[in-house]
Amino acid sequence: MNEDIRIHSWSCSYYLDTSKQWVSGRLTLTPVAIKFTADKTGELLVNFHLSSIGEIKKESSNLIFSSLTILEKNTKHWFSSLQPNRNVVFNILEHFWREQLLSSQGAGAEAAALQSTKGKELIGLLTGSQKQLEDTAKVLHYQGEQFDNIMRGLNKIEGDMDVADRLLTELESPSLWSFSSKLWKALLEIKPKETATVSDSKNQEEIVIRIPVIITHRTDSNVKPGKLTLFASGLEISDCNSQVIHRFESKDVDDIRVHTPYEISVRQRFIGKPDTSYRLLSAKMPEAIPILEMQFSKKIQFLEDALGFVGAQKSPQVDLGTSVWQAATGLLGGVVQPGSPVGGREGMDNDQVQLQKQEKISQEEAKELKQILKKLKGLALETEAELERQDEALDSITTSVDRATLNIDKQNRRIKKLT
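The text that follows walks through the structure, step by step, so that each part is easy to find. Please read all numbers here as calculations on a predicted model, not as lab measurements.

1. Here's the deal with a positive patch on the surface
Then, number 1: Among the surface-exposed residues, Lys410, Arg413, Lys416 and Lys417 lie close enough to one another that they form a single positively charged patch.
Then, number 2: Positionally, Arg413 belongs in helix H9 (residues 363-418).
Then, number 3: Assessed through its relative accessible area of 52%, Arg413 is described here as exposed.

Now the structure itself:
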């Protein structure tokens, strides 16, 4: 992810201690740093890493009102006249600061990055790919269950239509003409038996991913921290106390806009009343966007600042399993296991990566990479098989619906003759 991308920018004033005066400019938040640029000169007066922050506070005094202070190492930075207001800026900055500290790239991230080996980088990349593929498999599993439910429903409809066809045949029989109208009336008054049981799937539904977010409702200037939970059937927005603010079923979502890799908006349109819209900002949003893109492929829109994030997400869904496996193995093209001859060692099958002598990794890292790749291959094959099964199920559903439509039209014509 590009560390220079601008997550948010606010108009404000910064207290320049060297000249003892306030300077107007813009406070900018990136994924890893905070910057302040003066309006008049364009000079970058503040630029420090999020991991170097010791404290973020809302402060005021007799001379400084509604100010925000950031303690960076031994330096205290003062910001005032924050737009739209101090609370909005505080909540967003605190969220990204805390997530930076909690993440694997927390305090001392810059120094750790310099010391990280190629093997560790690859392990991190493949672990992230494995997590995304596991989330994708959960969504596909739910979709498969939905297809199975549809097929069961269609089978029941076909059974009911067979019964209706036999009854219509009996009603059309000459021996029943004398009292067919009474029999028909009696049949119409029979109430269908309720065989379906109420599903408690929502309560038992598995969470695909849950991330902390900063929530803005419609165009309100106030923001508040909360959580975004993605299920296979939709998404749920809740506050910090896990109280549900709003749940969107998949069919309720009209569009999802990806403003940046860290910010999205979800909207449901209504006629004659305001739309239901939420804007969500999170340091963890890059983990959720691939899942959203799969669930809402026809409803999601990447705006200009987020176009670079699409990348590999645009491969056809039918090639998902194969493409993920190829991408995973391709990451190891230039890595070598110490003591391993070029061309592989005895017992290595064709699906394993051929380690080449360009950069060296440890025996432990190579072993861990192979284990992750093995899991990735298994997940990819399972995903590909599930996609093929769903394609077949979709063909069966289409055929059943066409057949049911023809039968319904035929029975409607027969009913008109009887009435």
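So, next bit.
2. A few points about the sheet that holds strand E7 (residues 75-80)
Then, number 1: With antiparallel pairing, seven strands are arranged side by side in an open sheet as E4-E3-E2-E1-E7-E6-E5. Looking at strand neighbours, the two that pair on one side only are strand E4 (44-49) and strand E5 (53-59), the edges of this open sheet. Between one strand axis and the next, the sheet turns through 30 degrees on average, direction left out of account.
Then, number 2: As judged from the two bridges shared by strand E1 (residues 8-16) and E7, these two strands associate in the antiparallel manner. The residue bridging Tyr14 from the neighbouring strand is Phe79, located in E7.
Then, number 3: Sheet strands in contact with helix H1 (residues 86-102) are E1, strand E2 (21-29), strand E3 (33-38), E4, E5 and strand E6 (67-72), and its direction is about 165 degrees off that of E5.

3. Quick notes on the packing of aromatic side chains
Then, number 1: Here the structure, examined in full by the defined rule, presents six aromatic pairs.
Then, number 2: Between the aromatic rings of Phe248 and Tyr278, the centroid separation amounts to 6.1 Å while the plane-to-plane angle is 85 degrees, which identifies the pairing as edge-to-face. Highlighted residues: Phe248 in strand E11 (residues 244-249) and Tyr278 in strand E14 (residues 276-281), separated in sequence by 30 residues.
Then, number 3: In textbook terms, an aromatic cluster arises when at least three aromatic residues are bridged by ring pairs, as seen for Tyr14, Phe36 and Phe79.
Then, number 4: One Lys or Arg, Lys58, reaches over the ring of Phe90 and ends 4.8 Å from the middle of that ring.
Then, number 5: It is Arg247 that lies over the ring of Phe231; its NZ or CZ is 4.7 Å from the centre.

4. A word on the sheet that holds E14
What links the strands of a sheet is backbone hydrogen bonding, and the strands pair in either a parallel or an antiparallel sense.
Then, number 1: The strand order across the open sheet built from eight strands is E11-E10-E9-E8-E14-E13-E12-E15, with neighbouring strands paired in mixed fashion. Pairing within the sheet leaves two strands with one partner each, and these edge strands are E11 and strand E15 (300-302). Across the sheet, the axes of successive neighbouring strands diverge by a mean angle of 30 degrees, strand direction being ignored.

5. Quick look at the pattern of salt bridges
Then, number 1: What the rule picks out here adds up to 10 salt bridges.
Then, number 2: When the shortest N-O distance is used, the salt bridge between Asp17 and Lys20 registers 3.0 Å.
Then, number 3: For Lys20, a relative accessible area of 55% puts it in the exposed group.
Then, number 4: Counted as one network, the salt bridges with shared partners bring together Asp255, Arg267, Arg269 and Asp275.

6. Description of the environment of Ser400
Then, number 1: Within the secondary structure, Ser400 sits in helix H9.
Then, number 2: Residue class for Ser400 comes out buried when judged on its relative accessible area of 6%.
Then, number 3: Sequence separation between Ser400 and Ile157 is 243 residues, and the spatial gap between their C-alpha atoms is 9.7 Å.

7. A look at the side chain of Glu59
Then, number 1: Among the structural elements, Glu59 can be located in strand E5.
Then, number 2: Here Lys76 takes part through its side chain, which lies 2.9 Å from a polar atom of the side chain of Glu59.
Then, number 3: Beyond its immediate sequence surroundings of up to four residues, Glu59 is in contact with Ser66, Ser67, Thr69, Lys76, Trp78 and Arg86.

8. Side note on the pairing of strand E8 (residues 207-217)
Remember that side chains alternate between the two faces of the sheet whenever the strand is regular.
Then, number 1: Strand direction decides the pairing type here: E8 and strand E9 (residues 224-231), joined by eight bridges, are antiparallel. Directly across from Ile214, in E9, lies its bridge partner Pro225.
Then, number 2: Examined bridge by bridge, E8 and E14 share four bridges and lie antiparallel to one another. Bridge pairing in E14 links Thr216 to Arg279.

About the cut-offs
Residues numbered from 1 in each chain as written. Predicted model: local features only at pLDDT ≥ 70, side-chain atom pairs only at ≥ 80, totals over all residues. Heavy atoms only, no water. Patch = residues over 30% accessible without salt bridge, like charges linked within 9 Å, V, L, I, M, F, W, Y side chains within 5 Å. Areas by Shrake-Rupley, 256 points an atom, 1.4 Å probe, with all protein chains shown as cover. Salt bridge = Lys/Arg side-chain N within 4 Å of Asp/Glu carboxyl O. Lys, Arg positive; Asp, Glu negative; His and termini not counted. Charge placed at Lys NZ, Arg CZ, Asp CG, Glu CD. Helix = DSSP H or I, 4+ residues; strand = E, 2+ residues; numbered from the N terminus. Buried < 20%, exposed > 50% of the residue type's maximum accessible area, 1.4 Å probe, protein only. Pairing = 2+ DSSP bridges. Axes fitted to C-alpha atoms, helices over the stretch in contact; angles between N-to-C directions. Contact = heavy atoms within 4.5 Å. Phe/Tyr/Trp six-rings, centres within 6.5 Å; stacked < 30°, edge-to-face > 60°. Lys NZ or Arg CZ within 6 Å of the ring centre and 35° of its normal. Polar contact = N/O pair within 3.5 Å; in protein donor to acceptor, adjacent residues only side chain to side chain.

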